[in-house]
Amino acid sequence: GNIDREIYSLDNSQPGLITLLCYNETGEEKYRIAADTIRNVYTSYPTTSDGGFWHNVSAVGQLWADGVYMILPFLVHYGKAFGDTSLYTAAADQIIIYASHIQDTTGLLFHAYDEDGSSGWADPVTHHSPYFWGRAMGWFGMAIVEILEIMPETHQKRPDLITVLADLIEVLCQAQD
């Protein structure tokens, strides 16, 4: 059940899905311990002033679109496996917070946002990165799909997630070549 590296980035959490699969398959406690370790990181993980998970603990105030895929599917699968349905709401809140910061007026998602705008890549006015990254938008959309697959149809945040996903799909269809 030991994890041999510090979880200092959303990227370090995505492999946690394997711990859940292994626990479900084998029932061995070491996999639950590993999953609990990852889950517990997010009880005190740094966030923006409105609650968005920083992409990396050293990237103060930064939200990266691909980051939601690195942690949110794990959290909702963990919630389902161990009866912590509050994680459905937490995951939905993260999507909504991220979308509020990284969505351009066109509907496309900027790759990143820096809350205080101090990063060299951040636009001084909008605090956005200068790029739209297709793969990050795909991961963002897939994170929503995975959350929706687990979240009960009666969950109060479900319509909000469906709206974010539908808007993203619409703009991606318009932008494709």
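Look above for the structure.
For clarity, every value in this text was computed on a predicted model and none was experimentally measured.

K.L.:
I tried to follow the overall build of the protein chain on my own but got confused; where do I start?
P.N.:
Along its length, the protein chain carries 6 helices and 2 strands. In the protein chain, the order of α-helices and β-strands from amino to carboxyl end is α-α-β-α-α-β-α-α. A compact globule built from 177 residues should have a C-alpha radius of gyration of about 16 Å, and the protein chain, at 16 Å, falls within 12% of that. Counting only C-alpha atoms, the protein chain reaches 50 × 35 × 30 Å along its principal axes. For the protein chain, with 177 residues in total, the buried portion stands at 49%. Partitioning the contacts of the protein chain with sequence separation of at least 6, the portion at a separation of at least 24 is 61%. Surface exposure of the protein chain reaches about 8,900 Å², of which carbon and sulfur atoms provide 52%. Treating the 8 positive side-chain charges of the protein chain as one cloud and the 23 negative ones as another, the clouds have centres 9 Å apart.

K.L.:
Please clarify how the pattern of salt bridges should be interpreted in this entry.
P.N.:
Pairing is possible between side chains of opposite charge, provided their charged atoms come close. Applying the stated criterion to the full structure yields 4 salt bridges. Linking Asp84 and Arg39 is a salt bridge whose minimum nitrogen-to-oxygen distance equals 3.8 Å. Taken together, the positions of Asp84 in the loop between helix 3 (67–82) and helix 4 (86–102) and Arg39 in helix 2 (residues 29–41) put the pair 45 residues apart, joining distant regions of the chain. Its relative accessible area of 22% is what places Asp84 among the partly exposed residues.

K.L.:
Whenever I open this one, the nonpolar core confuses me. Can you help?
P.N.:
Within soluble globular proteins, side chains that are nonpolar generally end up buried alongside one another. Formed by 48 residues in total, the largest nonpolar core has its most connected members in Phe74, Ile95 and Phe140. Mapped by element, the contributors of at least two residues to this core are helix 1 (16–26), helix 2, helix 3, helix 4, helix 5 (134–150) and helix 6 (158–175). Among the elements that line this core, the one with the most residues is helix 3, at 10 residues. If we ignore the near neighbours within four places in the chain, the residues touching Ile95 are Val68, Leu72, Phe140, Ala143, Ile144, Ile147, Leu161 and Val164.

Rules and cut-offs
- Residues numbered from 1 in each chain as written.
- Predicted model: local features only at pLDDT ≥ 70, side-chain atom pairs only at ≥ 80, totals over all residues.
- Heavy atoms only, no water.
- Helix = DSSP H or I, 4+ residues; strand = E, 2+ residues; numbered from the N terminus.
- Rg over C-alpha atoms; globule rule 2.2 N^0.38 Å.
- Buried < 20%, exposed > 50% of the residue type's maximum accessible area, 1.4 Å probe, protein only.
- Contact = heavy atoms within 4.5 Å.
- Areas by Shrake-Rupley, 256 points an atom, 1.4 Å probe, with all protein chains shown as cover.
- Lys, Arg positive; Asp, Glu negative; His and termini not counted.
- Charge placed at Lys NZ, Arg CZ, Asp CG, Glu CD.
- Salt bridge = Lys/Arg side-chain N within 4 Å of Asp/Glu carboxyl O.
- Core = buried A, V, L, I, M, F, W, Y, C linked by side-chain atoms within 4.5 Å.

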